[in-house]
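# Descriptive analysis of the structure
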Amino acid sequence: SIKVVEDDPKDLVPRAPIVTVMGHVDHGKTSLLDYIRKENVIAGESGGITQHIGAYGVQLDNGQKMAFLDTPGHEAFTAMRARGAQVTDIAIIVVAADDAIMPQTKEAIAHAQAAGVPIVFAINKIDKPTANPEKVKEQLAQMNLLVEDWGGKIQSHDISAKVGTGVKELLEKVLLEAELLELKANPNKDASGTVVEAYLDKGRGYVSTILVQAGTLKVGDYVLAGKNSGKVKAMQDERGHDVESAGPSTPVSILGLDGAPQAGDKFNVFEDEREAKLIATKRTQLQREQSVRTQRH
Ligand code: GDP
């Protein structure tokens, strides 16, 4: 069984927000995530992040950190939610200023609201001559979503994901929103969190990108993730650098699992390797039985 122990408030320390980018197709989600990934330069590091591992951490000039789920589109968000995963603290919803509020924009808003996740709007493509950000804000107002410029409380910022205009200010607004949430976690316990993506790498075996949400994951820990388990042989950050440990709100890719868990699967660290393997086996059996049942019907 997986123990759920309530944290003592005195053990909780502030953690970085975890951010998801959603919005209508072609409104610029990928461009925004790419821009943030490539432009972010952490002190002492040269160049941006070149790897694509499903999630990455960035640090602003003022030292504040945030983690991004690099899986644009609300399919990933809803798939994770369907598996019971609550990963996102804040949603950036991208709306192209040369277009309008579209069906998938509305869906993204509905998903964020249903999950109780605050929204920050990124009104994108303002470099285009045909851009009309005020029209987008007016449409939002008609949906009872009043952004700050329009006297409301919802944060929004005009950006160009292509050129980079306003992106820094957008992230500052996301951090402002995050401060209101007073996000905290206990780093001094066995790690738990959620799988973001996993795949089989020819040379390295199964590589799973996970997001640590509580506790600290260390090399050598025994992990159960969905139906898979294994001892963490190595961990890497978004720059491909080996790390020995990862605390709350940190995305890392881990090596050592015996298969590829699914996006949205929870992971836990087990002191007892046999117990973890037993649960993994039971979960596999249960799933086999369920699929047999659905085939019969
Ligand atoms: P996604 O489907 O929401 O991920 O959208 P993409 O990021 O793939 O962008 C769709 C298209 O819009 C691509 O051709 C981008 O180059 C373009 N695009 C994205 N952001 C901007 C922007 O800020 N300005 C301009 N001019 N084009 C952009």
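How each quantity is defined
- Residues numbered from 1 in each chain as written.
- Predicted model: local features only at pLDDT ≥ 70, side-chain atom pairs only at ≥ 80, totals over all residues.
- Heavy atoms only, no water.
- Core = buried A, V, L, I, M, F, W, Y, C linked by side-chain atoms within 4.5 Å.
- Buried < 20%, exposed > 50% of the residue type's maximum accessible area, 1.4 Å probe, protein only.
- Helix = DSSP H or I, 4+ residues; strand = E, 2+ residues; numbered from the N terminus.
- Contact = heavy atoms within 4.5 Å.
- Near = heavy atom within 4 Å.
- Polar contact = N/O pair within 3.5 Å; in protein donor to acceptor, adjacent residues only side chain to side chain.
- Areas by Shrake-Rupley, 256 points an atom, 1.4 Å probe, with all protein chains shown as cover.
- Nonpolar A, V, L, I, M, F, W, Y, C, P; charged D, E, K, R; others polar.
- 1 Å grid on protein atoms, 1.4 Å probe; cavity = no way out; pocket = protein on both sides within 12 Å on 5 of 7 lines; lining within 4 Å.
- Points joined across faces, edges and corners; volume = space filled by probe spheres on them.
- Lys, Arg positive; Asp, Glu negative; His and termini not counted.
- Salt bridge = Lys/Arg side-chain N within 4 Å of Asp/Glu carboxyl O.
- Pairing = 2+ DSSP bridges.
- Axes fitted to C-alpha atoms, helices over the stretch in contact; angles between N-to-C directions.

Going by what an unreviewed UniProt entry lists, the chain is known as Translation initiation factor IF-2 and is assigned to Winogradskyella epiphytica.

## Here we look at the nonpolar core
Formed by 25 residues in total, the largest nonpolar core has its most connected members in L32, I36, M66, F68 and I92. Listed by contribution, the elements that provide at least two residues to this core are β2 (18-23), α1 (29-39), β3 (55-59), β4 (65-69), β5 (90-96), β6 (119-124) and α5 (167-181). Residue contributions to this core peak at six residues, all from α5. Residues within four places of I36 in sequence aside, it is in contact with Y56, V58, F68, V167 and L171. Of all hydrophobic cores here, the second largest spans 20 residues; its members include A108, I109, A131 and V147.

## Quick notes on the site of the ligand
Near the ligand, the surroundings consist of 15 residues, among which D26, K29, T30, S31 and D127 are the closest. Side-chain polar atom of S160 to an oxygen atom of the ligand: 3.2 Å apart, as the coordinates give it. Starting from 580 Å² of accessible surface for the ligand in isolation, the protein chains cover 74%. Per-element tally for the shell around the ligand: the top contributor is α1, with three residues. Among the residues making up the shell around the ligand, the classes are represented as two nonpolar, seven polar and six charged.

## Some thoughts on the environment of Q104
Looking at the element boundaries, Q104 is found in helix α3 (residues 103-114). Judged by relative accessible area, which is 21%, Q104 ranks as partly exposed. Each C-alpha atom, one on Q104 and one on M22, is 8.7 Å from the other, the two residues being 82 residues apart in sequence.

## Some words on the layout of surface pockets
To find leftover empty space, one rolls a probe the size of a water molecule over the atoms. Estimated volume of the second largest pocket: approximately 420 Å³. What lines the second largest pocket is a set of 24 residues, and nearest its centre among them are G57, K65, S249, T250 and P251. At the level of secondary structure, the elements contributing two or more residues to the lining of the second largest pocket comprise β1 (13-14), β3, β4, β16 (245-246) and β17 (250-255). For the lining of the second largest pocket, the class distribution of residues is 13 nonpolar, five polar and six charged.

## Points about the environment of A100
When you line up the elements, A100 lands in the loop between β5 and α3. Owing to a relative accessible area of 12%, A100 belongs among the buried residues under this scheme. Here the alpha-carbon distance between A100 and G84, two residues 16 residues apart in the chain, equals 32 Å. Apart from the residues within four sequence positions on either side, A100 is in contact with H27, V95, T105, K135 and Q139.

## Side note on the side chain of K29
With respect to the helices and strands, the residue K29 is situated in helix α1. Buried K29, no salt bridge; nearest opposite-charge side chain is D26, N-O distance 7.1 Å. Side-chain polar atoms of K29 contact the backbone oxygen of H24, separated by 2.9 Å.

## Quick word on the sheet that holds β4
The mixed open sheet is built from six strands, whose spatial order is β3-β4-β2-β5-β6-β7. Each edge of the open sheet carries a strand with a single partner, namely β3 and β7 (155-158). When strand polarity is set aside, the average angle formed by the axes of neighbouring strands in this sheet is 25°. Note: β5 against β6, six bridges, orientation parallel. Bridge assignment links A91 to a residue of β6, and that residue is I119. Strands β5, β6 and β7 of the sheet are contacted by helix α4 (residues 133-142), whose axis makes an angle of about 150° with β6.

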